[in-house]
Amino acid sequence: MLSKTIRRLSQGVLLSCVPVISHAEELNGAAINPANTAWMLTATALVLFMTIPGLSLFYAGLVRSKNVLSVLMQCFALTCAMSILWFVVGYTMAFGSAPEQSDFLGDFGNVLFAAVKVDSVTLGIPTALFAIFQMTFAIITPALIVGAFAERMRFSAMLMFSVLWLLLVYAPVCHWVWGGGWLQDMGLLDFAGGTVVHITAGVAALVAALVLGPRKGFPVQSMAPHNLTMTVTGAGMLWVGWFGFNAGSAVAANGNAAMAMLVTHLSAAAGSMAWMACEWIRHGKPSVLGIVTGMVAGLGTITPASGSVGPAAALVIGLSAGTICFFMTMMIKKRLHIDDSLDVFPVHGVGGILGTLLVGIFCSPDLGLFSGLGFGAGNQSIGDQLGVQAIGVVSTFIYTAVVTWVLLKLVGLLVDLRVTGEEETEGLDIVQHDERGYDIR
Amino acid sequence: MLSKTIRRLSQGVLLSCVPVISHAEELNGAAINPANTAWMLTATALVLFMTIPGLSLFYAGLVRSKNVLSVLMQCFALTCAMSILWFVVGYTMAFGSAPEQSDFLGDFGNVLFAAVKVDSVTLGIPTALFAIFQMTFAIITPALIVGAFAERMRFSAMLMFSVLWLLLVYAPVCHWVWGGGWLQDMGLLDFAGGTVVHITAGVAALVAALVLGPRKGFPVQSMAPHNLTMTVTGAGMLWVGWFGFNAGSAVAANGNAAMAMLVTHLSAAAGSMAWMACEWIRHGKPSVLGIVTGMVAGLGTITPASGSVGPAAALVIGLSAGTICFFMTMMIKKRLHIDDSLDVFPVHGVGGILGTLLVGIFCSPDLGLFSGLGFGAGNQSIGDQLGVQAIGVVSTFIYTAVVTWVLLKLVGLLVDLRVTGEEETEGLDIVQHDERGYDIR
Amino acid sequence: MLSKTIRRLSQGVLLSCVPVISHAEELNGAAINPANTAWMLTATALVLFMTIPGLSLFYAGLVRSKNVLSVLMQCFALTCAMSILWFVVGYTMAFGSAPEQSDFLGDFGNVLFAAVKVDSVTLGIPTALFAIFQMTFAIITPALIVGAFAERMRFSAMLMFSVLWLLLVYAPVCHWVWGGGWLQDMGLLDFAGGTVVHITAGVAALVAALVLGPRKGFPVQSMAPHNLTMTVTGAGMLWVGWFGFNAGSAVAANGNAAMAMLVTHLSAAAGSMAWMACEWIRHGKPSVLGIVTGMVAGLGTITPASGSVGPAAALVIGLSAGTICFFMTMMIKKRLHIDDSLDVFPVHGVGGILGTLLVGIFCSPDLGLFSGLGFGAGNQSIGDQLGVQAIGVVSTFIYTAVVTWVLLKLVGLLVDLRVTGEEETEGLDIVQHDERGYDIR
Amino acid sequence: MRMITAIIKPFKLDDVREALTDVGINGMTVEEVKGFGRQKGHTELYRGAEYVIDFVPKLKLQLAVRTDQVDDAISAITRAANTGKIGDGKIFVTDLEQVIRVRTGEQGTDAL
Amino acid sequence: MRMITAIIKPFKLDDVREALTDVGINGMTVEEVKGFGRQKGHTELYRGAEYVIDFVPKLKLQLAVRTDQVDDAISAITRAANTGKIGDGKIFVTDLEQVIRVRTGEQGTDAL
Amino acid sequence: MRMITAIIKPFKLDDVREALTDVGINGMTVEEVKGFGRQKGHTELYRGAEYVIDFVPKLKLQLAVRTDQVDDAISAITRAANTGKIGDGKIFVTDLEQVIRVRTGEQGTDAL
Ligand SMILES: Nc1ncnc2c1ncn2[C@@H]1O[C@H](COP(=O)(O)OP(=O)(O)O)[C@@H](O)[C@H]1O
Ligand SMILES: Nc1ncnc2c1ncn2[C@@H]1O[C@H](COP(=O)(O)OP(=O)(O)O)[C@@H](O)[C@H]1O
Ligand SMILES: Nc1ncnc2c1ncn2[C@@H]1O[C@H](COP(=O)(O)OP(=O)(O)O)[C@@H](O)[C@H]1O
């Protein structure tokens, strides 16, 4: 998604696309490709749709009804705040403005989108479009973390933390991988955000769950989802929106985008079926919460791989995602007793790690039916590539964990991270927002 | 949607589009048309959106709250299972891989999408995109049948039946009409699935309702929809998604797609108003369930016609759809006492038949304001075309009815098709999935 | 969005796009641009999505549960009725068919879409597509007014009023501004409907609230929203759909569309944050209803400006929208005691006015970081442009107010505008539609 | 002490509560119930399936009062809940042996 | 007069109401409740978190009757609500001192 | 026999049920109710429209017990439901004439 990646990729699978771009350039003196622009306008809408209402509903259905609005509010406020922050300084910290970028952080030439004009072009689409497409990624990543501290974190603390987190975790890692940073230079394959989105969010979730501590009553008291119809609705929206997320990361309307959409879909289906099977075997019944969780696992896991693998590999990736995330969810909750309220780490974090590693294998063009579209720049073998992928996973994991921990402690010095016990009993909707979710007679 | 249809159509209305494709071919050595690709990526997302969450919500709102999750689960699990099945063998049974196809079934050259590569091209778009666009049709068709056996069928039996049905009903009929089979050769006009989708699903629904028998308490006990807001939400999504279904069936971003979208919209509006009027006159009040049902009737009915008719004809088609499906719904339920729980046959089946016949008239270019875009290949008059359309309707009806009946009996030998009476009273959510839909305080 | 506007704009920012169009024309003898067509097909789906289910849910969540279906029904029936009306005569009254249009109303050459053929071209896209894109605007504008008379107006009266209103208010104003009328000739800047959509709907809402009078029990009795989760869901859909509304108004997949999407997004985010801040400061807590209302204010306000301003100006526009609409809502409700049930005037009306004026400033290319894309045709300075914008605002306001008032009085002579007091107590769902929204156990 | 149970029309709650406050009764417990009686319900119609809903939404109020408050309470409720239409509801009076306040353990009329 | 309170299985409402009508009882008030008793509830499972739901959905019927109707009412309910399975429910009878019809102010058995 | 009706804070249900089981009471019926008393409710604010919600969510428990269990039951509830804050709730005791088990027709204390 970052220029170097694309430049490299275009020497591979995207070759067929490039002439079109240069053709358009010749024709009208501007480098934008209208067809790619048409698709990316749509893809941007789809990724926004993932957060509002998609993820918001997915999460909100899982909490108790006294906290339903607080979750919706957190996702919505993050959508707004992260957008403005991205405009002000986030974008430039991730992508900068100069053609050559440093290893660790973008330059500050694009503060307040200073260099985003109506006729600026990036990767063959209007820069404004590239900037807002990326903005939707910067929205959903902090929103994913909401699931970890749901039902107990104060709204103000959540806002402060997220602002700092976007700038000090998301923007740098995004730069490393997509903005011309060191991981990109190593040829890390991360098409749509295995490291940048899912590992950062998942690890931050784990740290947040540990720092804030469990919800009052966990794990004895019933904290059953208050509205699974809402969760399933959100799940469907996530699946549809994810097409924009992954196929949009091709930044083109071409075979690469189409293949990304196909493998994304197959992995989602396989992840769902795998989780369903695990439940059916272990608990005797398949559940709708199970199947949609498997879907998220399948989608998160294919994300880094969606530009590099073929359909048969997608099936394998999806099946392993559904199975491994299932067991990790059980372990975190029932063995380690960590109250990551909506299981963000075992699904997104583990899925992100898994996918980032598996792409190192299935990108190989020499696996017969399971062949992929080729290694990252500079890598020649599965061994090479897996090494780079492992470095990407470990560095993102550790960096995120440390900085997230520091930020939470810091915010905790300024305001209370949690509401009081009594407020938790009463529910965040009334306590934090003076509203009630439902008044149905 | 199948190559022959398109080839023929392109000699007619699609002419304007073809040069662009060949132009692109010349330019970059690949036949993909980026603009068409951009639209088809979107259309695919829209058709998936129709099933999850669209149809799922539409259906789930109509059952009693104790069964809400079972409906959502069935639709979701079908989405996953049918996708994988399509990938494994369904696609190749419908479309094969060779340029020339037999009359009755596709060849097996595309098992596991063996010939779907990142740079393969079909109809000017990436083959991967064509394959996933078609996959979304193979998802929604079995999902439509869910409405017939809702609130009583066992989840496992439903899965088994649907797997067999996709392979033995959907794939063959799809081949006949779009994959180069005998109906296509006769010049049957079915732009987006009057026979392939709506007649197959509708007739299967009727058979399933008869084989399973009515719900306990039907028709005396109240089985009022538990959440019409959910149904109306799903209805809106279906309407929007149907733009991808019908306008996407042009496999191009051109005048044909635009006209398909327009006539689809007008027929939906007219179907809604007609049903509303019928209710207002016969029952004294218009209802929101009525108006959205009229919408589905209007949409299902225009589907086969959406590539062949103009806006004035669309109005007539929509009005007749709303009226005729209204009376058929009353008849099936109140006269024949058949418990097709969510009225799948009278709406989709009847609508599909009606539309498949009406297109035989309104495709004619000689009807003044009501003119259409021309006859199917080989047909010269309304008489010719109507004959072909009738053959399509009757053969699809009979084939589907027989095979569906056999499959249900077969599955019934392996597992119980229905839950027990007590389980039906308790509700499928708890009994089959150990979950409850709502826990709102 | 109207030909003249576009023609003018294309001499400015759209220049880069024009060659592509003419290129395509040369190539295939038709003027359609496939990439623009691809985007406009999507944009049309997005704008329909704004009304059903977007706006429907946003509004329906805000009423009491006994009236939830009546709101959904009104929005849905309007979608259908306005579509057919637009097809029959609305479109031609707004846009006519001849290349030269009169100042006040379109010619009647396009009654029943007489001149909309599968190969007709308008602004580089199929005419059928232009007509249905505009149709979605003609759907949502009357649907916006529903918020003003919710929970008390009779369904039949609502239908009659809306039919007349579309023909006598919407179509003419649309013609003035986009169809070649006098306001367009003056160089009024209204990219996506500040005057045409938001001022007309907002002012009609105010008049309707005054003519119908307040709901029984207003303002003493609690009329708390019955389902804020539904409202927040609708809000997310509105935001996403608005991308089609504003970026679609470029009628092209280019830099202008991209910039429109970006400024739309930023204004929505800023409007939300501003409203949230106002509430937090004045009431001590931020609310989710507040933040989503701020979003609508931000979106409505940027609408006329979305083709003419840059991102920094969008932030200012959004912030002022959130703040001013917040205070106007308080004033209308608590000071003037007007029961505009869902605050349509203070949000849409005031937002539309504000945006239409602010674009007169921020279109200026001489404001440094806050520069826009240039003045309307014939205007040379902020002073010039602001004058034209003020004329647009005042004339639309007065014309809408007078005609709306007359129409309501007229309809009131034929049928009762309101249900009886007892029926209002019982709720419109049962009384008008024999249905209940929820039956959740 | 007596327990007064009143079935009223839902939209009358605020009026009744005020009337009770006026006669010095400041505690009560309210439930949403469905009533069946002379008042006709309504008919719902879903795609031709017609369901007669006999049960009408009502509120049930329960108030524990001192014996000397019973008449005041009854007349307050009767006055405030009356619309003159069928379905206005009923008031039931039963004996109440004992009341305990959970917080303090107080008993009898002190606990009211 | 007596107040009869019956806890029954939810899907038995229509049968019970008919049985009561047959013995001339035409007024009642119904509430959705949760019951706890010998009947086992069910287990719900959400991503590995297992919650045992002990409380079973029931309906509670309240009917004020003349003393001479009590036995008829009880036997009507017992017959109609019986499935023979654990959890069929219970009937409670308490004394009822006074009944008032809100609309008319009628008292005692006239108010029933 | 006696009917004990207890109004408690919603999140105290599990504690109370356990305390009752400890004293041998294994049947009860629970309803969601709204309470009005000394405990203050909250204010909701929707776009400037302010609604004071006086009614606080409570649970109402009803348990039919043998007369000799009354004191145990009361003290179990009082202990388990107590938080020391206003709004902890109340316990009402009334006489219970008769109990019938629907399934078996058993009567009196056998039916409990
Ligand atoms: N015998 C009864 N026992 C318990 N509740 C009753 C009885 N009769 C009526 N009710 C309750 O009182 C409500 C009003 O009674 P209804 O007969 O409709 O009109 P009215 O109040 O004018 O007598 C009913 O909806 C029901 O809740
Ligand atoms: N002691 C009691 N007090 C109040 N309600 C009770 C009591 N015992 C049982 N119930 C109610 O009766 C219902 C049925 O009781 P249960 O013990 O499950 O079976 P059975 O009806 O066969 O005795 C319970 O769900 C509860 O609502
Ligand atoms: N007189 C009464 N009759 C019936 N219920 C009452 C009465 N007084 C209080 N209640 C119930 O008891 C609950 C608690 O009472 P409240 O006065 O708030 O505090 P406390 O329990 O500390 O006395 C109320 O919410 C209400 O449900």
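Residues numbered from 1 in each chain as written. Chains lettered and ligands numbered in written order. Predicted model: local features only at pLDDT ≥ 70, side-chain atom pairs only at ≥ 80, totals over all residues. Heavy atoms only, no water.

### Some remarks on the overall build of chain A
Secondary structure assignment for chain A yields 16 helices and 2 strands. Principal-axis analysis of the C-alpha atoms places the extent of chain A at approximately 65 × 50 × 40 Å. Looking at the 441 residues of chain A, the share that counts as buried comes to 74%. Carbon together with sulfur atoms contributes 66% to the accessible area of chain A, which is approximately 11,100 Å² in total. With 19 positive and 24 negative side-chain charges, chain A shows a separation of 10 Å between the mean positions of the two kinds. (Helix = DSSP H or I, 4+ residues; strand = E, 2+ residues; numbered from the N terminus. Buried < 20%, exposed > 50% of the residue type's maximum accessible area, 1.4 Å probe, protein only. Areas by Shrake-Rupley, 256 points an atom, 1.4 Å probe, with all protein chains shown as cover. Lys, Arg positive; Asp, Glu negative; His and termini not counted. Charge placed at Lys NZ, Arg CZ, Asp CG, Glu CD.)

### Observations concerning the confidence of the model for chain D
Summary statistics for chain D give a mean pLDDT of 96 and a share of 100% for residues scoring 70 or more. With a pTM of 0.96, the predicted complex shows an ipTM of 0.95. (pLDDT = per-residue confidence, 0-100.)

### Digging into the environment of Asp72(E)
Take Asp72(E): it is sitting in helix α2 (residues 70-81). Each C-alpha atom of the pair Asp72(E) and Leu45(E) lies 44 Å from the other, and the pair is 27 residues apart in sequence.

### Overview of helix α3 (residues 34-60) of chain B
Residue and element names in this part refer to chain B. Taking 1.5 Å of rise per residue, the 27 residues of α3 would be expected to cover 39 Å, and the 38 Å separating its terminal C-alpha atoms lies within 8% of that figure. The largest bend along α3 measures about 35° and falls at Gly 54. The buried count for α3 comes to 27 of 27 residues, which makes it a mostly enclosed element. Of the residues that open α3, the one with a side-chain oxygen 2.8 Å from the backbone nitrogen of Ala 35 is Asn 33. (Expected span 1.5 Å × (residues − 1). Bend = angle between axes of the 7 residues up to and from the residue. Polar contact = N/O pair within 3.5 Å; in protein donor to acceptor, adjacent residues only side chain to side chain.)

### Quick word on the site of ligand 3
Residues in close proximity to ligand 3 total 21 residues, the closest being Thr29(D), Arg101(D), Arg103(D), Arg38(F) and Gly89(F). Lying at an intersection of chains, ligand 3 is approached by residues of chains D and F. At 2.8 Å, a side-chain N or O of Thr29(D) approaches an oxygen atom of ligand 3. In the environment of ligand 3, an oxygen atom lies 2.4 Å from a nitrogen or oxygen atom belonging to the side chain of Arg101(D). Relative to its free-state accessible area of 550 Å², ligand 3 is covered by the protein chains to the extent of 97%. Looking at the shell around ligand 3, the element that brings in the most residues is strand β5 (residues 56-65) of chain D, giving 3 residues. Tallied by class, residues from the shell around ligand 3 come to 7 nonpolar, 8 polar and 6 charged. (Near = heavy atom within 4 Å. Nonpolar A, V, L, I, M, F, W, Y, C, P; charged D, E, K, R; others polar.)

### What about the relation of the copies chain F and chain E?
After a rotation of 120° and a shift along the axis of 0.0 Å, chain F superposes on chain E with an RMSD of 0.0 Å. What we have between these two chains is a three-fold relation. (Least-squares fit on C-alpha atoms with pLDDT ≥ 70 in both.)

### Focus: the site of ligand 1
Lining the immediate environment of ligand 1, one finds 21 residues, of which Arg38(D), Gly89(D), Thr29(E), Arg101(E) and Arg103(E) sit closest. In this structure ligand 1 sits where residues from chains D and E come together. Here an oxygen atom of ligand 1 sits 3.5 Å away from a polar atom, N or O, in the main chain of Phe36(D). Within the backbone of Asp88(D), one N or O atom sits 3.5 Å away from an oxygen atom of ligand 1. Taking 550 Å² as the accessible area of ligand 1 by itself, protein coverage stands at 97%. For the shell around ligand 1, the elements supplying multiple residues, two or more each, are β2 (28-36) and β6 (90-95) of chain D together with β2 (28-36) and β5 (56-65) of chain E. Counting residues per element, the shell around ligand 1 draws most heavily on β5(E), at 3 residues. In terms of residue class, the shell around ligand 1 is built from 7 nonpolar, 8 polar and 6 charged.

### Here's the deal with the interface of chain F and chain E
Facing 23 residues of chain F, the contacting portion of chain E comprises 28 residues. Contact between chain F and chain E buries roughly 2,200 Å² in total, counting both sides, with carbon and sulfur atoms accounting for 56%. Sorting the residues of chain F by area buried against chain E places Ile100(F), Val102(F) and Arg103(F) first, and these three jointly supply 32% of that buried surface. On the surface where chain F and chain E come into contact, there are 3 salt bridges. Where chain F packs against chain E, one counts 13 residue pairs in polar contact (both at pLDDT 80 or more). Elements with a contribution of two residues or more to the side of chain F that touches chain E: α1 (13-22), β2 (28-36), β5 (56-65) and β7 (98-101) of chain F. A class-by-class count of the residues in the side of chain F that touches chain E yields 11 nonpolar, 5 polar and 7 charged. (Contact = heavy atoms within 4.5 Å. Buried area = accessible area lost by both parts, 1.4 Å probe. Salt bridge = Lys/Arg side-chain N within 4 Å of Asp/Glu carboxyl O.)

### Observations regarding the interface of chain B and chain C
Put simply, an interface is often sized by how much accessible area is lost when its parts join up. Each partner contributes to the interface: chain B provides 56 residues, whereas chain C provides 58 residues. Note on chain B versus chain C: buried area summed over both sides is about 4,500 Å², and carbon and sulfur give 81% of it. It is Thr229(B), Leu262(B) and Lys285(B) that lose the most area in chain B upon contact with chain C, and together they represent 12% of the buried surface on that side. Linking chain B with chain C are 1 salt bridge. Salt-bridge contacts for Lys285(B) lead to Asp434(C); the nearest nitrogen and oxygen are separated by 2.9 Å.

### Focus: the state of the cysteines
Applying the stated rule across the entire model yields 0 disulfides over all chains. For the unlinked cysteine Cys325(B), the closest cysteine sulfur is that of Cys278(B), found at 10 Å. (Disulfide = S-S within 2.5 Å.)

### What about the packing of aromatic side chains?
For any two aromatic rings, the description comes down to two numbers: the centre-to-centre distance and the angle of the planes. Residues and elements named next belong to chain B. A complete count under the given rule lists 66 aromatic pairs over all chains for this structure. Centroid distance Tyr 91 to Phe 113: 5.3 Å. Interplanar angle 75°. Geometry classified as edge-to-face. Taken together, the residues span a long stretch of sequence, with Tyr 91 in helix α4 (residues 68-95) and Phe 113 in the loop between α4 and β1 (121-122) at a distance of 22 residues. With relative accessibility at 3%, the residue Tyr 91 sits in the buried group. On the basis of relative accessible area, Phe 113 is assigned to the buried category, the value being 2%. (Phe/Tyr/Trp six-rings, centres within 6.5 Å; stacked < 30°, edge-to-face > 60°.)

### Concerning the packing of helix α9 (residues 228-247) of chain B against helix α4 (residues 68-95) of chain C
Think of two packed helices as two axes; the pair is described by the angle between the axes and how far apart they sit. At a closest axis distance of 10 Å, the pairing of α9(B) and α4(C) adopts a crossing angle of 20°. By the criterion of interaxial angle, the relationship of α9(B) to α4(C) is roughly parallel. Both α9(B) and α4(C) take part in a crossing whose hand is left-handed. Contacts between α9(B) and α4(C) involve Leu228(B), Thr229(B), Val232(B), Ala235(B) and Trp239(B) on the former and, on the latter, Val68(C), Leu69(C), Leu72(C), Phe76(C), Thr79(C) and Cys80(C). Class assignment of the residues belonging to the contact of α9(B) with α4(C) gives a composition of 9 nonpolar, 2 polar and no charged. (Axes fitted to C-alpha atoms, helices over the stretch in contact; angles between N-to-C directions. Parallel < 35°, antiparallel > 145°, perpendicular 65-115°, else oblique. Left-handed = near helix turned anticlockwise from the far one by under 90°.)

### Focus: unusual backbone geometry
A cis amide bond links Phe218(A) with the next residue in sequence, Pro219(A), at an omega value of -5°. Within the chain, Val251(C) stands out as a residue other than glycine whose phi angle is a positive 50°. Relative to the helices and strands, Val251(C) resides in the loop between α9 (228-247) and α10 (255-283). Although it is not a glycine, Asp343(C) sits at a positive phi angle of roughly 60°. Examined against the element boundaries, Asp343(C) turns out to sit in the loop between α12 (311-335) and α13 (344-362).

### Some details on the packing of α13(C) against helix α14 (residues 382-414) of chain C
All names here are of chain C. The N-to-C vectors of α13 and α14 enclose an angle of 155°; their axes lie 6 Å apart at closest approach. With respect to α14, the element α13 is oriented roughly antiparallel. The two elements α13 and α14 cross, and the hand of that crossing is right-handed. Of the residues in α14, those touching α13 at Phe 345, Ile 353, Thr 356, Leu 357, Val 359, Gly 360 and Ile 361 are Ile 382, Gln 385, Leu 386, Gln 389, Ala 390, Val 393 and Phe 397. Its residues assigned to classes, the contact of α13 with α14 comprises 10 nonpolar, 4 polar and no charged.

### Concerning the pattern of salt bridges
One pass over the structure, following the stated rule, counts 54 salt bridges over all chains. With a shortest N-O distance of 3.1 Å, Glu151(A) and Arg64(A) are connected by a salt bridge. Remark: Arg64(A) occurs in the loop between α3 (34-60) and α4 (68-95) and Glu151(A) occurs in the loop between α5 (127-149) and α6 (155-178); sequence separation between them is 87 residues. Assigned by exposure class, Glu151(A) and Arg64(A) land together as buried. Across the salt bridge formed by Arg215(B) and Asp339(B), the nearest N and O atoms sit 2.9 Å from each other. Remark: Asp339(B) occurs in the loop between α12 (311-335) and α13 (344-362) and Arg215(B) occurs in the loop between α8 (194-212) and α9; sequence separation between them is 124 residues. Accessibility assignment for this pair places Arg215(B) and Asp339(B) in one class, buried.

### Side note on the side chain of Arg2(E)
As for its position among the elements, Arg2(E) is in strand β1 (residues 2-8). Accessibility expressed as a relative area gives 18% for Arg2(E), which makes it buried. Among the polar contacts made by the side chain of Arg2(E), one reaches the side chain of Glu97(F) at a distance of 2.6 Å. With near-sequence residues (within four places) excluded, Arg2(E) lies in contact with Leu63(E), Ala64(E), Val65(E), Thr67(E), Val70(E), Val93(E), Thr94(E), Asp95(E), Leu96(E) and Glu97(F).

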